[in-house]
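# Examining the three-dimensional arrangement
Read off the chains here:
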Amino acid sequence: MKIVIIGASFGGVYCALEARRLYPDAEIMIIEKNEQLAFLPNGLLLYLQGVYENLADATFISKETLMKNNIQLRLQEIFLSCDGQEKTLQTDCGTYMYDKLVLATGSTQQSKVIELQEEEIYHYKTYQAAKYLLPKIEEAQEITLIGAGQAGMEAASVFIELGKKVHLFEAMDYPLFKYFDQDFLTPFLAALEKIPQLDLRLNQRITQMDQEELSELILTTVNVHPTETMSDVLATHSDLTIQTNDFLETSQKDIFAVGDLIQIPFTLTNEKIYLPQINHAVRSGMTAAANLVKPTKKFRGGLRMIGTKIFGWYLASVGLLESEAFLYPKKLMIKTTVIPASITSKETLYCKLIIERKTQRLLGVQLLSQANCLAIIERCGWVIQQEMTIEALLEQDFFFQSQYSSTLAFLNDLFVGCDTDEI
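Residues numbered from 1 in each chain as written. Predicted model: local features only at pLDDT ≥ 70, side-chain atom pairs only at ≥ 80, totals over all residues. Heavy atoms only, no water.

## So, the packing of aromatic side chains
The full count for this structure, using the stated rule, is five aromatic pairs. Ring centres of phenylalanine 39 and tyrosine 127 lie 5.6 Å apart, and the angle between their planes is 65°; this geometry places the pair in the edge-to-face category. Residue phenylalanine 39 is located in the loop between β2 (27-32) and α2 (43-48), and its partner tyrosine 127 is located in helix α4 (residues 127-139); the two are separated by 88 residues in the primary sequence. On the basis of relative accessibility, which here comes to 11%, the residue tyrosine 127 falls in the buried class. On the numbers, 6.4 Å between centres and 5° between planes, the contact of phenylalanine 180 with phenylalanine 184 is stacked. On the basis of relative accessibility, which here comes to 8%, the residue phenylalanine 184 falls in the buried class. Among the aromatic residues, those joined into a ring-pair cluster are Phe10, Tyr14 and Phe60. (Phe/Tyr/Trp six-rings, centres within 6.5 Å; stacked < 30°, edge-to-face > 60°. Helix = DSSP H or I, 4+ residues; strand = E, 2+ residues; numbered from the N terminus. Buried < 20%, exposed > 50% of the residue type's maximum accessible area, 1.4 Å probe, protein only.)

This is the structure:
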């Protein structure tokens, strides 16, 4: 069996590795247009923070690991077209036959709303773009960012740490709106106002770049959208994601799509949404591999989960927000509390929980602290996916160590002497 995968993204690479495990005799090839394999989406920021000595080191897997698994690589080769009837595909370097084709070309952060100069690069999601922008960023004294989502806020935080002035534009009325309720972010938003190098401009939509009015360097950190791959021959949704069935096969037989190219079922509402996250890309790639010979494993979808550190604050979120309550068919209640981050810490942990009122099932968690609380959100995600009620949750054992956890286990503390607001 000849398996060809277009794109060395998380979805493509993990599809190849799982296919190698399942089909030891298969011929597996990855075709990637970029010169660098598996570059991390925030690789440039990690390099600027000193996490990596070289920009090219910011990858999630090495070429040697794939070669060791007998996976062929074609780097700097551009996919052009595919003939689904003849099962052939064309690149700028040649023609290939395939038995199974997997599309894993990922997403782009290039704005589709703003008028951009074609010769310029405005985002740093790929290695080539990061390498191009690195000297410009190091030289710039002022930088304009378009979009105050996770990518924009992380970039602003790193650039200001480097001593630069940042102008940050956001079309919504508060940053990080996809992951947090506005009222929950009150302490964080108040802290942002005290940062002199941050010029945060909300409710302002940029449609045209004007370097004289903005700054010497402009970067787009808007929400990602799928790359347009075979959208002329495959059925797509209105947001240009590729339509797939439960087994991730597209409208053409033996052609699959994974990762940031597709919509996934949102576990809590069972609706299909565009939710580009690395975990989903990895799992969809592995699921597609399992279905290449015959449909055996449905893709389960997942939750929206993030965790990050911005301007010295740790922020984490998973599941449903209060602002999304109208999407959930049953009545909810909200629980908020403020507790010490640990017995020995003077830092505060702000918490907000979204709970189904009748069953007491946990549906969403938001966390905010200047102490590292990121590990907790993974546990919360597990609780939500297990459809666990508060009563069942309080019977669980959790890790306790005085320096790293609160008086009682974290989630138990939320239900001791706290106020509850029903909605």
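Moving on from the model shown.
## As for the pairing of strand β21 (residues 361-369)
Counting buried positions over the nine residues of β21 gives nine, a clear majority of the element. Taken together, the six bridges between strand β18 (residues 313-319) and β21 define a ladder with antiparallel strand orientation. Among the inter-strand pairings, tyrosine 314 is bridged to a residue of β21, identified as serine 369. The turn linking strand β20 (residues 348-356) back onto β21 is made up of four residues, and glutamine 360 within it adopts a positive phi angle of 65°. (Pairing = 2+ DSSP bridges.)

As far as function goes, none of this settles anything; it's purely spatial.
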